[in-house]
Amino acid sequence: MEIESTGGPVLLREPAEGTPPVITDAAELAEACAKLAAGTGAVAVDTERASGYRYFPKAYLVQLRREGAGTVLIDPIALDGELAPLREVLNSLEWVLHAASQDLPCLAELGLHPAALFDTELAGRLAGYERVALGTLVELLLGYTLEKGHSAADWSKRPLPVDWLNYAALDVELLIQLREKLEAELGAQGKLEWARQEFEFVRTAPPPPPRAEPWRRTSGVHKIRSPRGLAAVRELWQARDELARKRDRAPSRILPDSAIVNAVTADPKTVEELQALPVFSGRVQRKYTASWLRHLQAAKALPASELPSPSQPTDGPPPVNRWADKDPDAAARLSAARAALTAIAEDRRLPVENLLLPDLVRRTCWRPPAETDEDSVAEVLRASGARPWQVELTAAVLSKALQTTAS
C-alpha cells in the first residue's frame, strides 16, 4: 500500500497489494471468480460509469474486494456481458456499497444482484454524520485519506490510465472495514435494525417509472413562459435525445440545455440566424443547425391542442408557499407535522428526510386519510412505503398533527 503521512490522516495512493490488472477475457474472469468464491465474508462492490460522456449509464468498470481474495477489477465491456461465473459467485453474497442506489441499476443490467446489502453512505446518515461522502467517512472513522480526482472521468476510455485504476481500486479498498465501524456504531445507537430495513428497501426497490415529461427538466426552461415556446423546447429536447441515444453520447454533449433555451428565446427564422447564436456557431454544431431549425419550425406549426401546458402536470399537492391561501388547515397540519418530526430526528440524531420522506409528509398533510387515529395513519404510511421503524417512530405524532386546524 503506497501511503503518504503528513501528520494527519494517512493518504492512500494505491491499494495494499497494488492495483491488479483489469480482467478482460473469460480465462482471467474464471480465475478471479475462483478467488472470490474462496474468500470470506461480504464483498465490497463499486462501479465506474461515464456519466456526462455517454447516454447509457452502463458500468465500464466493476471493482470488487473480498477478504482472502484481494481486489478484482473487471471490464464488462471487453467481456461483452459474458459474466456467468461472476453471477454465480456474487449473487449469493452480501454486498457492501457506498450510495448503493447509484450502482445497483447498472449492475442489474449485467445480471448481478446482491443477496443482501450494506450501504455505507446510508449507514452514515442513520448514524448521524452530517457529511457522508466515502472519503469523509473513511477519514473520520479509519484515519485514511483516499486519493481522489477521477470520479467525473470518461470511464468508457480505453485503455484506462493507471492513476484512474488506482483511484477505482481504492474505492473498495476500505469498504469492508468502514462497514464494520458503522455497523458497530449503529448497534451502539440502537439503530442497526433500522439500517437493515433501509438496506433491504434499497435492495428490493423497483426501477423508478419514466418521467411523464422529462423535457421539462431542461435547465433554464422556467424562462420560457408561452405554450408555443415550451413546445419548441420539447421539440429540440426530443430531437437531441434521439440523436444522443443513437450515438451513445450524453445529451449535453450533443447540445447544451442553455443552447436549447437560447434558441427558443431568440426565435431564429433562418439557418444563418441560428448559426449566429452561441454554441450553434461552432464547427461541429453548424452541420446540425438545419435540423435544429426544422424542429423549431415544427413547434410553430403545431395545433393549439398539441401544445404543452404552461405548468407541469402533477398529482401531488401545490407548492407549500401557497398552502396558507389555498387551505389554511393543511398549512397548519404541515407545520405541526414538520415540527414534531424535526424534534424526533434531532433526538435520534438522524436527518429528518431519512425519518420520513418529505413528499410523503406533504401529501399526507394536504389530503389526510378519512380517519386520523394512529392505526389509520400507520396504515397510510405503510402503504406509501414507509419502513416499520419509521412507522413506529412517526405514526403517533403525525396522527396528532393531522388533527391540527388553523383556528
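Residues numbered from 1 in each chain as written. Predicted model: local features only at pLDDT ≥ 70, side-chain atom pairs only at ≥ 80, totals over all residues. Heavy atoms only, no water.

> Can you break down the sheet that holds strand β8 (residues 116-119) residue by residue, with the values?
The sheet built from six strands is open, its strands ordered β3-β6-β5-β4-β7-β8 with mixed pairing. Only two strands of the sheet have a single neighbouring strand rather than two, namely β3 (22-23) and β8. In this structure, β3 lies alongside strand β6 (residues 70-74), joined through two bridges in parallel fashion. From the neighbouring strand, V22 faces β6, where its bridge partner is L73. (Pairing = 2+ DSSP bridges. Helix = DSSP H or I, 4+ residues; strand = E, 2+ residues; numbered from the N terminus.)

> With reference to specific residues and values, describe the UniProt feature "domain: HRDC" (unreviewed entry) in the protein.
The residues that UniProt annotates with the feature "domain: HRDC" (unreviewed entry) are residues 226-306. The distance separating the terminal C-alpha atoms of residues 226-306 is 13 Å; by composition the span is 70% helix and 0% strand. (UniProt positions renumbered as here; feature names shortened; annotations may be inferred.)

> Kindly report on the nonpolar core, identifying the contributing residues and their values.
In this structure, L64, I74, L86, W95, L178 and L381 are the most contacted members of the largest nonpolar core, which totals 83 residues. Among the domains, domain 1 (8-202) and domain 3 (318-401) are the pair contributing at least three residues each to this core. Setting aside residues no more than four positions away along its own chain, L381 makes contact with L356, L360, A386, V391, T394, A395 and L398. Ranked by size, the runner-up nonpolar core spans 28 residues in total, among them W215, W237, A239 and A244. (Core = buried A, V, L, I, M, F, W, Y, C linked by side-chain atoms within 4.5 Å. Buried < 20%, exposed > 50% of the residue type's maximum accessible area, 1.4 Å probe, protein only. Domains from an automatic or database assignment. Contact = heavy atoms within 4.5 Å.)

> Describe the domain arrangement of the protein, and please don't skip the residues or the numbers.
Assigned domains of the protein: these are domain 1 (8-202), domain 2 (213-304) and domain 3 (318-401). Taking only C-alpha atoms, the centre of domain 1 and the centre of domain 2 are 38 Å apart. Across the boundary between the two partners, domain 1 contributes six residues, which contact nine residues of domain 2. The largest contributions to the domain 1 side of the interface with domain 2 come from Y53, Y55 and F56, which together make up 72% of the buried area. Linking domain 1 with domain 2 are seven residue pairs in polar contact (both at pLDDT 80 or more), by the criterion used here. Residues of the side of domain 1 that touches domain 2, tallied by class, amount to four nonpolar, one polar and one charged. (Buried area = accessible area lost by both parts, 1.4 Å probe. Polar contact = N/O pair within 3.5 Å; in protein donor to acceptor, adjacent residues only side chain to side chain. Nonpolar A, V, L, I, M, F, W, Y, C, P; charged D, E, K, R; others polar.)

> Explain the packing of aromatic side chains residue by residue, including any values.
Counted under the stated rule, the structure contains seven aromatic pairs. Their ring planes at 55° and their centres at 5.4 Å tell us that W155 and W164 sit as a pair that is tilted. For W164, a relative accessible area of 13% corresponds to the buried category. Each member of the aromatic cluster is reached from another via a ring pair, and the members are W155, W164 and Y167. Geometry around F201 places R387 over its ring, the cationic atom sitting 3.7 Å from the centre. (Phe/Tyr/Trp six-rings, centres within 6.5 Å; stacked < 30°, edge-to-face > 60°. Lys NZ or Arg CZ within 6 Å of the ring centre and 35° of its normal.)

> An account of unusual backbone geometry is needed here, citing residue identities and associated values.
Excluding glycine, residues mostly have negative phi values, and the peptide bonds linking residues are mostly trans. With an omega dihedral of -5°, the bond running from R158 to P159 counts as a cis peptide bond. Here P159 shows up in the loop between β9 (144-146) and α6 (162-173). At A99, a residue that is not glycine, the phi angle is positive and equals roughly 60°. Secondary-structure assignment places A99 in the loop between β7 (94-97) and α3 (100-109). Accessibility expressed as a relative area gives 5% for A99, which makes it buried. The phi angle at D267 is positive, at roughly 55°, despite the residue not being glycine. Tracing the backbone through its elements, the reader meets D267 in the loop between α11 (257-266) and α12 (271-275).

> Outline the environment of A26, listing residues and values.
Along the chain, A26 turns up in helix α1 (residues 26-38). Here the alpha-carbon distance between A26 and A84, two residues 58 residues apart in the chain, equals 9.8 Å.

> Provide a residue-level description of the side chain of S156, including the pertinent values.
Within the secondary structure, S156 sits in the loop between β9 and α6. What makes S156 buried here is its relative accessible area of 13%. Reaching out from S156, the side chain makes a polar contact with the side chain of R54 at a distance of 3.1 Å. Within the structure, S156 has its side chain in polar contact with the side chain of D154 (distance 2.5 Å). Excluding residues within four positions of it along the chain, S156 makes contact with A50, R54 and Y60.

> An account of the packing of helix α9 (residues 227-247) against helix α14 (residues 289-301) is needed here, citing residue identities and associated values.
Contact geometry for α9 and α14: axes closest at 8 Å, N-to-C directions at 140°. The pairing of α9 with α14 is recorded here as oblique in orientation. Classified by chirality, the crossing of α14 by α9 is right-handed. Judged by residue contacts, R228, A231, A232, E235, L236, A239, R240 and L243 of α9 engage W292, H295, L296, A298, A299, K300 and A301 from α14. Split by residue class, the contact of α9 with α14 holds 10 nonpolar, one polar and four charged. (Axes fitted to C-alpha atoms, helices over the stretch in contact; angles between N-to-C directions. Parallel < 35°, antiparallel > 145°, perpendicular 65-115°, else oblique. Left-handed = near helix turned anticlockwise from the far one by under 90°.)

> Requested: an account of the pattern of salt bridges, with residues and values cited.
Taken as a whole, this structure holds 18 salt bridges when the rule is applied. Here R158 makes a salt bridge to D75, at a shortest N to O gap of 2.9 Å. Residue R158 is located in the loop between β9 and α6, and its partner D75 is located in the loop between β6 and α2 (84-90); the two are separated by 83 residues in the primary sequence. By relative accessible area, D75 is classed as buried at 6%. The partner of D257 in a salt bridge is R240, with the nearest N and O atoms 2.7 Å apart. Remark: R240 occurs in helix α9 and D257 occurs in helix α11; sequence separation between them is 17 residues. Several salt bridges share partner residues, and in doing so they unite E17, R65 and E173 into one network. (Salt bridge = Lys/Arg side-chain N within 4 Å of Asp/Glu carboxyl O.)

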